[in-house]
Amino acid sequence: MSASSQHPVPAQPTAQATAPAGGPRLRAVLEGIPAYAPGRPAAEGPGSFKLSSNENPYPPLPGVLESAVAAAGSLNRYPDMACSGLLAALSEHFAVPVSHLAVGTGSAGVAQQLLQATSGPGDEVMYAWRSFEAYPIITQVSGATSVRVPLTASEEHDLPAMADAVTERTRLIFVCNPNNPTGTAIRRAELERFLDRVPSDVLVVLDEAYREFVRDGEVPDGVELYRERPNVCVLRTFSKAYGLAGLRVGFAVAHEPVAAALRKTAVPFGVSQIAQDAAVASLGAEAALLERVDTLVAERARVTAGLAERGWTVPRSQGNFVWLRLGEDAAAFATACEREGVTVRPFAGEGVRVTVAEPEANDVLLRVAAAFREGR
Ligand SMILES: *Cc1c(COP(=O)(O)O)cnc(C)c1O
């Protein structure tokens, strides 16, 4: 890819007030925000699989479910607003002070709080593209300007180009590692070189939603990187490896000023007691949960090898999903999957992201992928 094609793309609305005839005035930045497209549900019936949202295919472990059910007995009460039980458990688990932690309604919720804390009109928020589709939406809601730096031809973050694109307006940079939807991960030396180049007053958010699925030993643990770097914030979630997507609980690890800003921007009582207690129980059941993660990682290897055997080029994924760069065939491939009972996530004109799930589901994907190639 040539240097000129890697120019960041500022895409932004102007801040005109809008006054719909007779209705309440809404902020102009809301215009043109693409609605978040949730993964489509699976078709009805047995043999149907939802591989469109990177969820964990396994139901909650018995102990986790029991904690959630027990917490449901107190639904007439507000939850613990400070999330003290969960913070204490996380503090011990990651060996970080409680004052360096903040819990929120999923890591997407925490990401939105980070924008509220750092960015507004006139500011720039940078991220690679394509990456997590919530980034452009929450950036636009904040009123800040999105600066998107294209992925490299090998579907990876172009960190040198991102460092070059920093201006005095840059307030926050999302680094999605591993990257959703391409699965590619950034290695330690490269990430450290980048962090060394970013000014200390710019917050770098390492979004590690898929950290537990990483098997490349060169990919750094953000929680180790944040310790020496006050401008680094790590996002983690219970939604993917821990299988609690429906409960909405994620957290940030960051130095005190950032963590304190997250407490200020939190929705009061946003994280339910069910979510808090289930998250604590999940940390306690980590061995069993990580065994499931190992199963999914083994399936990821099988799916990747199977696709390669069938003539597909798939980036090496460190997440619980694979990326098929189908270009104009993305929609047709999604339709072909749907016909066989598998719902995937197409990005029109670009590619299709498919969650790695239980073996039966992955077998259907491999079958469809083989037939699709033969048909072209
Ligand atoms: C799934 C995902 C999240 C957020 O998940 P929550 O359910 O909001 O915790 C964050 N970042 C990336 C890259 C994701 O894929």
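Notes on the structure in this doc start here. Keep in mind the model is a prediction, meaning the values are calculated, not measured.

## Looking at the pairing of strand β3 (residues 101–104)
The alternating pattern of β3 places L101 and V103 and A102 and G104 on opposite faces, both of which are buried. Sheet topology places β3 next to strand β9 (residues 250–253); 4 bridges connect them, and they run antiparallel. Paired with V103 across the strands is F251, a residue of β9.

## Regarding the site of the ligand
Around the ligand there are 13 residues in total, and S107, Y210, T237, S239 and K240 lie nearest to it. A distance of 2.6 Å separates an oxygen atom of the ligand from a polar backbone atom of S107. A distance of 2.6 Å separates an oxygen atom of the ligand from a polar atom in the side chain of S239. Coverage of the ligand by the protein amounts to 93% of the 390 Å² it exposes when considered alone. Judged by the fraction of its atoms near the pocket grid, the ligand is located in the largest pocket. Residue contributions to the shell around the ligand peak at 3 residues, all from helix α3 (residues 106–118). Of the residues that constitute the shell around the ligand, the class distribution is 5 nonpolar, 5 polar and 3 charged.

## Digging into the layout of surface pockets
Over the atoms, a rolling probe the size of a water molecule traces out where space has been left empty. Quantified by volume, the largest pocket comes out at close to 560 Å³. Considering the residues around the largest pocket, the lining is formed by 32 residues, among which Y36, A108, F132, K240 and R248 are closest to the centre. Elements with a contribution of two residues or more to the lining of the largest pocket: α3, α4 (134–142) and β12 (345–347). Top element by residues in the lining of the largest pocket is α3. It accounts for 5 residues. Considered class by class, the residues forming the lining of the largest pocket number 12 nonpolar, 11 polar and 9 charged. The computed volume of the second largest pocket comes to approximately 400 Å³.

## With respect to the sheet that holds strand β10 (residues 321–324)
Taken in spatial order, the 3 strands line up as β10-β13-β12 in an open sheet, and their pairing is antiparallel. Every interior strand has two partners, whereas the edge strands, β10 and β12, have only one. Averaged over all pairs of adjacent strands, the angle between their axes in this sheet comes to 20°, without regard to strand direction. Where β12 meets strand β13 (residues 351–355), 3 bridges bridge the pair, whose relative direction is antiparallel. Bridging across to β13, P346 finds its partner in V352.

## With respect to empty space enclosed by the protein
Summed over the entire model, instances satisfying the criterion amount to 1 cavity of 30 Å³ or more. Approximately 30 Å³ is the volume found for the largest cavity. Lining the largest cavity are N56, Y58, P59, P60, L61, A241, Y242, G243, L289 and R292. Taken together, the residues that form the lining of the largest cavity break down as 7 nonpolar, 2 polar and 1 charged.

## Overview of the packing of helix α1 (residues 62–72) against helix α9 (residues 273–284)
At a minimum axis distance of 8 Å, the contact between α1 and α9 shows a crossing angle of 155°. By the angle class used here, α1 and α9 are roughly antiparallel. Here α1 and α9 pass one another in a crossing that is right-handed. Mapping the contact onto sequence places G63, V64, S67, A68, A71 and A72 in α1 and Q273, I274, D277, A278, A281 and S282 in α9. Partitioning the contact of α1 with α9 into residue classes produces 7 nonpolar, 4 polar and 1 charged.

## A few points about the nonpolar core
Of all hydrophobic cores here, the largest spans 61 residues; its most connected members are L90, V103, I173, L191, F194 and F238. A per-element tally of this core places α9 first, with 6 residues. Leave out the neighbours within four places in its chain, and L191 touches L159, V175, N177, I186, L206, P220 and L225.

## A short note on the packing of helix α11 (residues 330–339) against helix α12 (residues 359–375)
Packing of α11 against α12 brings their axes to within 10 Å, and their N-to-C directions diverge by 130°. Classified by the angle their axes make, α11 and α12 are oblique. Of the two possible hands of crossing, α11 and α12 adopt the one that is right-handed. In this structure, α11 uses A332, F333, A336 and C337 to contact α12, whose residues at the interface are L365, V368, A369 and F372. For the contact of α11 with α12, a count of residues per class yields 8 nonpolar, no polar and no charged.

## A closer look at the side chain of R236
In this structure, R236 sits in strand β8 (residues 232–237). Using a relative accessible area of 4% as the deciding quantity, one classes R236 as buried. Side chain to side chain, R236 and D221 meet in a polar contact 2.9 Å long. Excluding residues that lie within four positions of it along the chain, R236 makes contacts with F94, S107, E208, R211, D221, G222, V223, G250 and F251.

## Remarks on the environment of D329
One can find D329 in the loop between β10 and α11. On the accessibility criterion, D329 (27% relative accessible area) is partly exposed. Residues D329 and P220 lie 109 residues apart in sequence; the distance between their C-alpha atoms is 35 Å. Beyond its immediate stretch of four places on either side in the chain, D329 contacts F372 and R376.

The rules we used
- Residues numbered from 1 in each chain as written.
- Predicted model: local features only at pLDDT ≥ 70, side-chain atom pairs only at ≥ 80, totals over all residues.
- Heavy atoms only, no water.
- Buried < 20%, exposed > 50% of the residue type's maximum accessible area, 1.4 Å probe, protein only.
- Helix = DSSP H or I, 4+ residues; strand = E, 2+ residues; numbered from the N terminus.
- Pairing = 2+ DSSP bridges.
- Near = heavy atom within 4 Å.
- Polar contact = N/O pair within 3.5 Å; in protein donor to acceptor, adjacent residues only side chain to side chain.
- Areas by Shrake-Rupley, 256 points an atom, 1.4 Å probe, with all protein chains shown as cover.
- 1 Å grid on protein atoms, 1.4 Å probe; cavity = no way out; pocket = protein on both sides within 12 Å on 5 of 7 lines; lining within 4 Å.
- Sits in = over half its atoms within 2 Å of the grid points.
- Nonpolar A, V, L, I, M, F, W, Y, C, P; charged D, E, K, R; others polar.
- Points joined across faces, edges and corners; volume = space filled by probe spheres on them.
- Axes fitted to C-alpha atoms, helices over the stretch in contact; angles between N-to-C directions.
- Parallel < 35°, antiparallel > 145°, perpendicular 65-115°, else oblique.
- Left-handed = near helix turned anticlockwise from the far one by under 90°.
- Contact = heavy atoms within 4.5 Å.
- Core = buried A, V, L, I, M, F, W, Y, C linked by side-chain atoms within 4.5 Å.

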